[in-house]
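Residue-level structural notes
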Amino acid sequence: MSIVTVQLGQCGNQVGHEVFSALCRDIRGTHGLCSKKENESYQDSCKERFFCEEESAVPVARAVLVDMEPKVISQTLSMAARSGHWKYNSHSHFCQKQGSGNNWANGFSVHGPRHKEAIMNLVQREAEKCDRLGGFFTIMSMAGGTGSGLGAFVTQCLRDAFPTSFLLNHVIWPYGTGEVIVQNYNSVLTLSHLYHSADALLVHENDVIHKICAQLMNIKQISFRDVNQVIAHQLGSVLQPTHTAGGGPGYSRNPLGDLLEALVPHPEFRMLGLRNIPQMPENSLAYSSFSWPGLIKHLRQMLIANAQMEEGIDWQVRPPQPGSCMAPTNKPLHFNTSIANLVILRGKDVHGVDLGSFQDPSLYTSWLNPQDAFTAWKTPRAFNKYEKSAALVSNSQFLLKPLDSIVGKAWNMFASKAYLHQYTKFGIQEEEFLDCFTTLEQVISSYTNL
C-alpha cells in the first residue's frame, strides 16, 4: 500500500525533504547485511510505499508540497532534483506569494478556505496514482502560521474527503524558549484541532532533537538541517518496511494501519512519542559494537524513566511493584506509564531477541492486557548503516510535561488577553480558544490518570 505525504509550511517541507532523502539513501545503500532476496523485497516495498516510478527511472516522491510563500518549496524541489536519486513531481506543489505571518488564524481561516480546492485537487491526484492508498502522512510545525493553521485546516479536509483512510500527523513541537511570541497560542489551536481529525499525532520536540545533535552526534554549531536530519532518521526507522508479528513471510502491506492498530486502542489517547537507539555520528559506527540485550535494556529504561536519549538515563526509576494497587498520584516519581508500545528492531540476529521485559504488566495501564499493549516488528535488513538498531514508538505519558507547559503559558497570555486581537480579526473568537483549552485539558487529565 502507498502513503501520500503532505508537507505543510516551511518546517514541513524541509523535514519532508530530509525524510525522502533518508529513505532513498537507505534503499540505495549496500549495507543491508541480509540476503540479496531480502534486500530486493525491502527495496520494492519501500518504493511502493513512498515513491512512484516514472519513465525517467528516477523515483518520484508521493508527496504534495504546500506553503504560502514560494522560497522554501522551490529550494526543496531543486535540492531533490539535484540529488539525481529521487525527485518531487513538478506539478504537486502549491504556493502563494505572501506567508501567514506566524498567525494561526490567518492560515486556518483565510488561506485554508481560499485555497482549499487547489490543494485538495493535488492531494486527490496523488491519491489516484496509488494502486492501493494506505493513508496520509502530514508533516507540519505547531509554532508558525502556515504549517500549523493551514496544516490543521488541510488535515480536517483530508478527514472529510477520505473518511476511511488512515491519517497520521507528524508534528514538530517548538523550542521551549520560543521562536515566535504567539507560538503557545498557535500550538494549542493546532493540537486541539488535530486531535479531532487525525488518527494519531507523532510528535518530535525541537529541544530534544537539539540535545541529541549536541550530545550524541557531537555537532558543534547546530543548524535546522542537522535537527531535521535526526528527525528524518528517526521517522525512517519507523516507516521503512518490517515484518509485523504474525504478518506472514512478506513485508507489512499497510504500515499506517498496522502502526495505528498497535498504538491507538482508544480515541482519547492519540499522542505518540518516538525514541531511537543507538544514535551516533557516521564516522563512529565502525568503532562501535552493540548487543541486543544491551540495546533493549537501555530502550526499556528510556521508556520507563521518560529519557529522551540513551545518555543521562535515570536508572533509579523502577516500575511499581505488582499487586500494589496505587492511585495514579502515588506512582513512583517520574515513572512513565504506557498505554501501548511498539518496538521495531532492524539488523543482525533480530529474530532471536528477547523482548519479554516490554511485556511487564507494571509498565502499562491496568485496563489493557499487556499482550495487547505491546507489539514488535522486526527485519534482518539493517537501517541506515547501523548494524543493529531499535526504535520505540510509545503511546504513554511522554508528552504530559511539555503539553502541560504549553497550555499553561497559553492560558496565562489568554487570561490577560495578550495578542488576542491578532486572531479575532481573522475570525477566531474567544469561545474557540476556550474550546481548544477544554479539549487539551481533557487530554492532559486522561494521560495523568493512567
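It should be emphasised that the depicted structure is a prediction, and the values quoted were computed from it without experimental measurement.

A closer look at the overall build of the chain
- A tally of helices and strands in the chain yields 14 helices and 14 strands.
- Its C-alpha atoms give the chain a radius of gyration of 21 Å, near enough to 22 Å, the size a compact globule of 450 residues would have.
- Referenced to the eigenvectors of the C-alpha coordinate spread, the extents of the chain come out at roughly 60 × 60 × 45 Å.
- Per-residue burial over the chain gives 59% buried out of 450 residues.
- A sequence separation of at least 24 residues applies to 81% of the contacts in the chain between residues at least 6 apart.
- The averaged location of the 39 negative side-chain charges in the chain is 5 Å from the averaged location of its 37 positive side-chain charges.

Quick look at the sheet that holds strand β12 (residues 338-347)
- The strand order across the open sheet formed by eleven strands is β6-β4-β1-β7-β8-β9-β11-β14-β12-β13-β10, and the pairing between neighbours is mixed. Looking at the sheet topology across the chains shown, the edges are occupied by β6 (93-95) and β10 (243-244).
- Judged from the six bridges that link them, strand β1 (residues 2-8) and strand β7 (residues 133-141) form a sheet pairing that is parallel. Counted as the bridge partner of Ile3 is Gly135 from β7.
- The strands touched by helix α1 (residues 9-28) are β1, β4 (63-67), β7 and β8 (166-173); relative to β1, the strand with the most contacts, the crossing angle is about 140°.
- Contacts between helix α10 (residues 292-304) and the sheet are confined to β11 (271-277), β12 and β14 (388-396), with β14 contributing the most and set at about 20° to the helix.

Some points on the confidence of the model for the chain
- In the predicted model, the chain carries a mean pLDDT of 90, and 95% of its residues have values of at least 70.
- Low confidence marks residues 326-330, where pLDDT is under 50. Its contacts with residues over four positions away, or in another chain, come to six contacts.

Notes on the pattern of salt bridges
- With the rule as written, the count across this model stands at nine salt bridges.
- Residues Lys348 and Glu387 are paired through a salt bridge, measuring 3.3 Å at the closest nitrogen-oxygen approach. Of this pair, Lys348 sits in the loop between β12 and α11 (370-373) while Glu387 sits in the loop between β13 (374-379) and β14, placing them 39 residues apart in sequence.
- Lys348 sits in the partly exposed class, given a relative accessible area of 38%.
- The partner of Glu430 in a salt bridge is Lys417, and the shortest N-O contact between them spans 3.6 Å. Here the residue Glu430 occupies a position in helix α14 (residues 430-448), and Lys417 occupies one in the loop between α12 (400-415) and α13 (420-424), the gap between them amounting to 13 residues.
- Since its relative accessible area comes to 28%, Glu430 is described here as partly exposed.

A closer look at the domain arrangement of the chain
- Domain parsing of the chain yields domain 1 (2-272), domain 2 (282-398) and domain 3 (401-449).
- Here the C-alpha centre of domain 3 lies 26 Å away from the C-alpha centre of domain 1.
- Tallying the contact residues gives 29 residues for domain 1 and 25 residues for domain 3.
- Taking both sides of the interface into account, the surface hidden between domain 1 and domain 3 amounts to around 2400 Å²; carbon and sulfur atoms contribute 73%.
- On the domain 1 side of the contact with domain 3, Asn184, Tyr185 and Val188 bury the most area, a combined 29% of that side's loss.
- On the surface where domain 1 and domain 3 come into contact, there are zero salt bridges.
- Those elements giving two or more residues to the side of domain 1 that touches domain 3 turn out to be α4 (104-129) and α6 (183-197).
- Among the elements that make up the side of domain 1 that touches domain 3, the one with the highest residue count is α6 (eleven residues).
- In terms of residue class, the side of domain 1 that touches domain 3 is built from 16 nonpolar, ten polar and three charged.

Some remarks on the sheet that holds strand β5 (residues 87-88)
- Spatially, β2-β3-β5 is the arrangement adopted by the three strands of the open sheet, whose pairing is mixed. A strand with exactly one partner marks an edge of an open sheet, and here the two such strands are β2 (51-52) and β5.
- In this structure, strand β3 (residues 60-61) lies alongside β5, joined through two bridges in parallel fashion. Paired with Ala61 across the strands is Tyr88, a residue of β5.

Points about unusual backbone geometry
- Here the amide bond leading from Ile277 into Pro278 is cis, since omega sits at -10°, within 30 degrees of zero.
- Among the secondary structure elements, Pro278 is positioned in the loop between β11 and α10.
- One non-glycine residue, Asn384, lies in positive phi territory at about 50°.
- Following the sequence through the fold, Asn384 ends up in the loop between β13 and β14.
- Backbone geometry places Lys417, a non-glycine residue, at a positive phi of 60°.

Things to note about the pairing of β12
- Among the ten residues in β12, ten count as buried, and that is most of the element.
- Here β12 pairs with β13 via six bridges, running parallel. Across the sheet, the residue bridging to Ile344 is Trp377, located in β13.

Cut-offs used in this document
- Here, residues in each chain are numbered from 1, in the same order as that chain's written sequence.
- With pLDDT at 70 or above as the cut-off, local features in this predicted model cover only qualifying residues; side-chain atom pairs require 80 or more to be listed or tallied, and sums for whole chains, interfaces and linings still use all residues.
- For the side-chain quantities, the full set of heavy atoms in the structure was used; hydrogens and water were omitted.
- Think of it this way: any DSSP run of H or I at least four residues long counts as a helix, any run of E at least two long counts as a strand, and we number them from the N terminus.
- This radius of gyration counts C-alpha atoms alone. The globule rule is 2.2 Å times how many residues there are, raised to the power 0.38.
- Here's how the labels work: a residue is buried when its accessible area is under 20% of the maximum for its type, exposed when over 50%, partly exposed in between, all with a 1.4 Å probe on protein chains only.
- Contacts are residue-level and defined by heavy atoms, with any inter-residue pair within 4.5 Å sufficient.
- Only four residue types enter the charge count, namely Lys and Arg as positive and Asp and Glu as negative; His and the chain termini do not.
- Note on charges: their place is set at NZ of Lys, CZ of Arg, CG of Asp or CD of Glu.
- Two strands are said to pair when DSSP picks up at least two bridges between them.
- Only the stretch in contact is used when a helix axis is fitted, and all axes are lines through C-alpha atoms; the angle between N-to-C directions ranges over 0 to 180 degrees.
- pLDDT runs from 0 to 100 and stands for how confident the predictor is about each residue.
- Salt bridge, as applied in this entry: a Lys or Arg side-chain nitrogen positioned within 4 Å of an Asp or Glu carboxyl oxygen.
- Bear in mind that the domain bounds are from an automatic or database domain assignment.
- Buried area is a sum: the accessible area each of two parts loses on coming together, probed at 1.4 Å, counted once for each and added.
- Charged residues are taken to be Asp, Glu, Lys and Arg, nonpolar residues to be Ala, Val, Leu, Ile, Met, Phe, Trp, Tyr, Cys and Pro, and polar residues to be all remaining types, Gly included.

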